[in-house]
Structure formats: C-alpha cells, structure tokens
Amino acid sequence: MNQTSYVKAVAKRLACSKARQAEFVRDLESDIAAALSSGETWEQVEARMGDPRQVAQDFNEDLSETELAAGKKRKRTKAIVIAAAVVVVVAAIIGGATWWASPKTAPAGQSVGMTEQEIIAYAQEVAEVIGENDYDKLRPLIADAAVESLNEQTMADAHALFGDDWGAFKSFGNAYATEISQMGITGNAVTLVALYENATITYTFSFDEDMKIIGLNMR
C-alpha cells in the first residue's frame, strides 16, 4: 500500500464530522512527511504506524458523542448520494425523467444477444470486483458517463458503509434481471444478493448497451 492509499484507508474509516476528518488527514499527512524528511522510508513509516483500520479505530475511540453523531450523519448522507447515483446517471444520459414514466420491458439480454442467466452471471462478476474494493479493476466496467458519480472515493465510501471487513465471499442469493427501453435507449437492470462472512449486500446494477455500469445501488 502506498502513502496515498494508506491515508485514504484511514480517512474512510473515521467516524467523525467532515471537518474533523479533514483535520486528522492533514495531521497524518504532516506526520508522514516529517518522518520521510527525517530519513525514514515509507515502508518503515507504514510499519511503525500500523494497520489503517487500527489507526482509525484508536482515533474513533477518543471521539466525543457529538463527533460520533456528526460522523453518523455524514455517512447517512453518503449513503443517500450513492443510492441516488442510479437516478442521476441515467437521467443525465436520457435527458429527462421520462425513462421512469413508461419504460418498455423485455427479457433480460435480448438486445445484446445474451440470456437472462448470462446477464446475471456478468453482474455477479462485477459484484465480485466491487467486493474486492479494487477501483482499478472496477473502472473499466463503468461507463464514461457514470465515472463522475461512481468515482474511486464514492466506491470506497460505499464499501465502508457495510463495515471494514466483509470477510470472504460465500455465495450469491436471489437474483433477477430485466431489459428496459425508453426513447431509443436500452439497458439491462439486475438485482442480486451477495453473501460474505460479515456482510450481506443487495446490489442493483444498471448496464448500458455495452454492458457498462451506468447506475449502482448498494443496500
């Protein structure tokens, strides 16, 4: 893990207000810079500071009730933003809310030459990538029009909302898919449940005609 990834890993686990989070990040970056300037290598600094999860946990244990409440409010706001990404991205692509007014549905995969089961299997592969929390692997699967909403920080925040450690992937639960067309735009929507050792996530994906992600809801 490099320096930037380390700081991000700590920051996303802080259960405080946005202002306090920014202050802590500045202090952490300053401490790292000072250590590097004094001759330590990044590997030595990382080993001394310890696991990002433990650093965040130690910080959170000293927070006041007021700060903890502010942190919960910040995370709820992020959850709303993440859940709204589907609406924002799709609306931007089709130019209005008429997509939702009277869409035409068809068997999943019909327009892209895939079966419903193949569409679901593809969505499961995408869900596995999200579970790995590796944005470099996820980015090629996201449509360019959705990148601003589904950026690296948003996905890291979404992952953190369900806990620091999801544990190993166990299995997929129920899944269903359908194809939706409106105003010449066709896409596939998939909802599936993924079970991990420490979390159960319900994903709802919206894929464009190239099977790139244009919307994502995690709950």
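Residues numbered from 1 in each chain as written. Predicted model: local features only at pLDDT ≥ 70, side-chain atom pairs only at ≥ 80, totals over all residues. Heavy atoms only, no water.

The next point concerns the overall build of the chain. The secondary structure content of the chain amounts to 9 helices and 5 strands. Starting at the N terminus and ending at the C terminus, the chain contains elements arranged as α-α-α-α-α-α-β-α-α-α-β-β-β-β. Counting only residues that meet the buried cut, the chain has 40% of its 219 residues in that class. Partitioning the contacts of the chain with sequence separation of at least 6, the portion at a separation of at least 24 is 61%. When the accessible surface of the chain is summed, it comes to about 11,700 Å², and 52% of that surface belongs to carbon and sulfur atoms. (Helix = DSSP H or I, 4+ residues; strand = E, 2+ residues; numbered from the N terminus. Buried < 20%, exposed > 50% of the residue type's maximum accessible area, 1.4 Å probe, protein only. Contact = heavy atoms within 4.5 Å. Areas by Shrake-Rupley, 256 points an atom, 1.4 Å probe, with all protein chains shown as cover.)

For the rest of this paragraph, the subject is the nonpolar core. Formed by 31 residues in total, the largest nonpolar core has its most connected members in Ile130, Leu138, Tyr203, Phe205, Ile213, Leu216 and Met218. When residues of this core are traced back to their parent elements, those giving at least two are α7 (116-132), α8 (135-138), α9 (152-161), β3 (185-196), β4 (200-207) and β5 (213-218). Tallying contributions element by element places α7 first for this core, with 7 residues. In this structure leucine 138 touches Val126, Val129, Ile130, Met155 and Ile213, once residues within four positions along its chain are discounted. (Core = buried A, V, L, I, M, F, W, Y, C linked by side-chain atoms within 4.5 Å.)

The next subject is the packing of helix α2 (residues 18-37) against helix α3 (residues 42-49). The angle between the axes and the distance between the axes are what describe a pair of packed helices. One can describe the packing of α2 onto α3 by two numbers: an axis separation of 9 Å at closest approach and a directional angle of 130 degrees. One element, α2, and the other, α3, form an angle in the oblique class. The chirality of how α2 crosses α3 is right-handed. Facing α2, whose interface residues are Leu28, Asp31, Ile32, Ala35 and Leu36, α3 presents Trp42, Val45, Arg48 and Met49. Grouping the amino acids of the contact of α2 with α3 by side-chain chemistry returns 7 nonpolar, no polar and 2 charged. (Axes fitted to C-alpha atoms, helices over the stretch in contact; angles between N-to-C directions. Parallel < 35°, antiparallel > 145°, perpendicular 65-115°, else oblique. Left-handed = near helix turned anticlockwise from the far one by under 90°. Nonpolar A, V, L, I, M, F, W, Y, C, P; charged D, E, K, R; others polar.)

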